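Coordinates in review
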Amino acid sequence: MRLLVVGGGITGLAAAWEAVRGSGAPAEVLLVEASDRFGGKVHTERTDGLLIEHGPDSFVAYRPAALQLAEELGLSGDVISTSGTRTVHLRARGRLRPLPAGMGMVLPSRLWPFVTTGILSPADKLRAGLDLVLPRRLVAGEDISIGAFLRARLGGGIVRRFADPMIGGIYGASVDELSLDAVLPSLRSDEAAHRSLMLAAIAQGRKARAGGRGPGSPFRTFTGGLGSLVDALVEQLIAAGADLRLNTRVAELRPAGERAEAVLDDGSVEAVDAIVLAGGVTSSVALLAVPAPGSSSAMSRIPLATSTVVTLAYPAAAFGTPVTSHGWLEADPAPISGITVSSAKWAGRAGADTVLIRAFVPERLGPIATADDAELLAAVTGHLADVLGTTEPPGLVRIARWPEMMPKYTVGHLDTVAAADAGLAHLPNWRLAGSAVRGVGVPDCIADGRRQVALALSGRARVGA
Ligand SMILES: Cc1cc2nc3c(=O)[nH]c(=O)nc-3n(C[C@H](O)[C@H](O)[C@H](O)COP(=O)(O)OP(=O)(O)OC[C@H]3O[C@@H](n4cnc5c(N)ncnc54)[C@H](O)[C@@H]3O)c2cc1C
């Protein structure tokens, strides 16, 4: 069995790993990556004693696929958690305020810190309290935006000050567009089980504390950054005999009897038995347009967001007081959606004399996200000077642009993905995988890449049977 993997991002690399080292019979792997490096959005730069992440900087530990892969690669000893006590802030109502203890993405798991936080006005807190008595809202089988659902249950304050900065920050879109069922399905089961979302969150918090699971940070990365995972995968895949090609684009895919042919942009044609499409939305829309038009047109309904990450290294002396916060999210108007202070959040990102900051500028903030470098930089550094009182300009600047590259899981996303999969029913050995379809987080991409390999190879077996 010969497997083609389109795309050498984390999904494609995990798929290749599953094919050569997973539980099934090993397959021969050809992985084709259009750009000049593996990793896709996972992009770690090591320069001048700094460790800079241009894309993701961490993954969540409560979805086990990334930790499990790290273990298989012998990287468990390099996994690190956030430094010190987790101090994350929200800039709301004019100043930086610590997130209330026990606050999840949207809901408090402890009542008192929530009641006393200055992030919400007294009226917003009272409105949120209505959730305790309101009847159930969700209709089975009917997706709804996270924003509409939370606004109905908890009011606009909690949406504006918690849900949108937190969830919108991760998914690069407003909660008023994002699908409840694709992004936060747990809210549906919470409402079904407890009716009130607050009661559900408090019950879960109590259970976690009773089970000895404290409020520790769920985020993990590697001593050498997320690029370590990519480097280890590439090295061990090559050692296992996988054929990994850079600077090569899959230009066309076509069925060829029970097999398939991939036309590469160097003119070569490769015959394969199974295909995992892990190149993202635009890539799959183009490659499936002729062989699976229904799947291609479903994929074309997945909107894409643009995001920019601005990394700045300041001399520590530029700050009046030492920066110990891990960062903040913006609930007030600002040219950024938030920052991570990488040098405070993780060990080994910068020397003691440097403060390394990542600022996020998603398109939902308006034209600033696509402004030219000079305008973008002036807006970001000006805002940081206002909030942190920096007295010197940054010594190092990096701007990573991700134009139309972040899939948005809008209302109906699960139906769109089901239609995209159904459009491949006549090609059971071709599978869509990764952030475009089943989870943007790194662990979800890994899990999906691995799962789709098994399905692609067993689809081929079914066809051949
Ligand atoms: C700024 C930013 C911050 C993020 N932060 C986090 C975070 O902290 N934690 C987290 O879990 N997730 C985070 N994410 C999300 C996560 O990084 C991505 O969802 C994930 O890395 C996507 O992996 P992928 O392999 O599915 O796609 P990609 O990384 O996009 O890889 C697809 C690859 O396919 C290649 N390709 C496309 N078409 C072809 C073709 N025809 N032929 C050959 N190659 C092709 C592309 O060149 C690319 O390398 C972040 C994303 C961004 C942009």
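1. Describing helix H5 (residues 146-154)
All of the buried residues along H5 are Ile146, Gly147, Phe149, Leu150, Arg153 and Leu154. The buried residues of H5 occupy one face: seen down the axis, they fall within an arc of 165 degrees.

2. What to know about the nonpolar core
Core analysis: the biggest nonpolar cluster contains 67 residues, and Leu3, Val5, Val6, Ala16, Ile275 and Val276 have the highest contact counts within it. The next biggest cluster of nonpolar side chains, apart from the first, holds 64 residues, and it includes Leu51, Ala163, Ala369 and Met406.

3. Here's the deal with the sheet that holds strand S20 (residues 430-432)
As summarised here, the arrangement of the 5 strands in space is S10-S2-S1-S14-S20, forming an open sheet in which the pairing is parallel. The sheet terminates laterally at strand S10 (243-245) and S20, the two strands that pair on one side only. On average, each strand axis in the sheet is tilted by 15 degrees relative to the strand beside it, whichever way the strands run. Here 3 bridges tie strand S2 (residues 28-32) to S10, and the two strands are oriented parallel to one another. Pairing of Leu30 across the sheet is with Asp243, part of S10.

4. Description of the packing of helix H1 (residues 10-21) against helix H10 (residues 227-239)
Their axes nearest at 10 Å, the elements H1 and H10 cross at an angle of 35 degrees. For the element pair H1 and H10, the recorded crossing hand is left-handed. Two secondary-structure elements touch here, H1 through Ile10, Leu13, Ala16, Trp17 and Val20 and H10 through Val230, Leu233, Val234 and Leu237. Looking at the contact of H1 with H10 residue by residue, the classes come out as 9 nonpolar, no polar and no charged.

5. Focus: the environment of His326
Mapping His326 onto the fold places it in the loop between strand S15 (304-315) and strand S16 (327-330). Using a count of 23 C-beta atoms within 10 Å as the deciding quantity, one classes His326 as buried. Sequence-wise, His326 and Thr85 are 241 residues apart; in three dimensions their C-alpha atoms are separated by 9.3 Å.

6. Some words on the domain arrangement of the protein chain
Each domain of the protein chain was delimited in the assignment, giving domain 1 (2-42 + 229-302 + 409-464), domain 2 (88-210) and domain 3 (304-407). For domain 2 versus domain 3, the distance between C-alpha centres works out to 26 Å. When contributions to the side of domain 2 that touches domain 3 are tallied by element, the ones reaching two or more residues are strand S7 (88-92) and helix H6 (156-171). Broken down by element, the side of domain 2 that touches domain 3 gets its largest block of residues, 6 residues, from H6. Of the residues belonging to the side of domain 2 that touches domain 3, the class tally is 7 nonpolar, 6 polar and 3 charged.

7. Description of the sheet that holds strand S17 (residues 338-341)
Ordered by their spatial adjacency, 7 strands build an open sheet running S8-S7-S16-S17-S18-S15-S19, and the pairing between neighbours is mixed. Whereas interior strands pair on both sides, the edge strands pair on one side only; in this sheet they are strand S8 (95-98) and strand S19 (396-407). For this sheet the average axis-to-axis angle between neighbouring strands, irrespective of direction, equals 25 degrees. Here 9 bridges tie S15 to S19, and the two strands are oriented antiparallel to one another. Paired with Ala313 across the two strands is Leu396, which belongs to S19.

8. Observations concerning unusual backbone geometry
At Arg93, a residue that is not glycine, the phi angle is positive and equals roughly 50 degrees. For Arg93, the position within the fold is in the loop between S7 and S8. Even without being a glycine, Arg195 presents a positive backbone phi close to 65 degrees. Mapping Arg195 onto the fold places it in the loop between helix H8 (185-194) and helix H9 (197-210).

Scoring rules and cut-offs
Residue positions within a chain follow its written sequence, with the count starting from 1. Given that the model is predicted, a residue must reach a pLDDT of at least 70 before its local features are reported, and side-chain atom pairs must reach 80 or more before they are shown or counted; all residues, however, enter totals for whole chains, interfaces and linings. Comment: burial labels come from other C-beta atoms within 10 Å of the residue's own C-beta, placed from the backbone, where a count of 20 or more is buried, 12 or fewer is exposed, and between is partly exposed. Strands here mean DSSP runs of E at least two residues long; helices mean DSSP runs of H or I at least four residues long; both are numbered from the N terminus. It is the directions from the helix axis to the C-beta atoms that the arc portrays. Working definition: the nonpolar core is a set of buried Ala, Val, Leu, Ile, Met, Phe, Trp, Tyr and Cys residues, joined through C-beta atoms within 7 Å. The criterion for strand pairing is that DSSP finds at least two bridges linking the strands in question. Simply put, an axis is a line fit to the C-alpha atoms, just over the touching stretch for a helix, and the angle between two N-to-C directions goes from 0 to 180 degrees. Each crossing gets its hand from how the near helix is turned against the far one by less than a right angle, where anticlockwise is left-handed and clockwise is right-handed. Contacts here follow a simple rule: the backbone-placed C-beta atoms of the two residues must lie within 7 Å. For this scheme, ten residues count as nonpolar: Ala, Val, Leu, Ile, Met, Phe, Trp, Tyr, Cys and Pro. Four count as charged, namely Asp, Glu, Lys and Arg, and the remainder, Gly too, count as polar. All domain edges in this entry derive from an automatic or database-based domain assignment.

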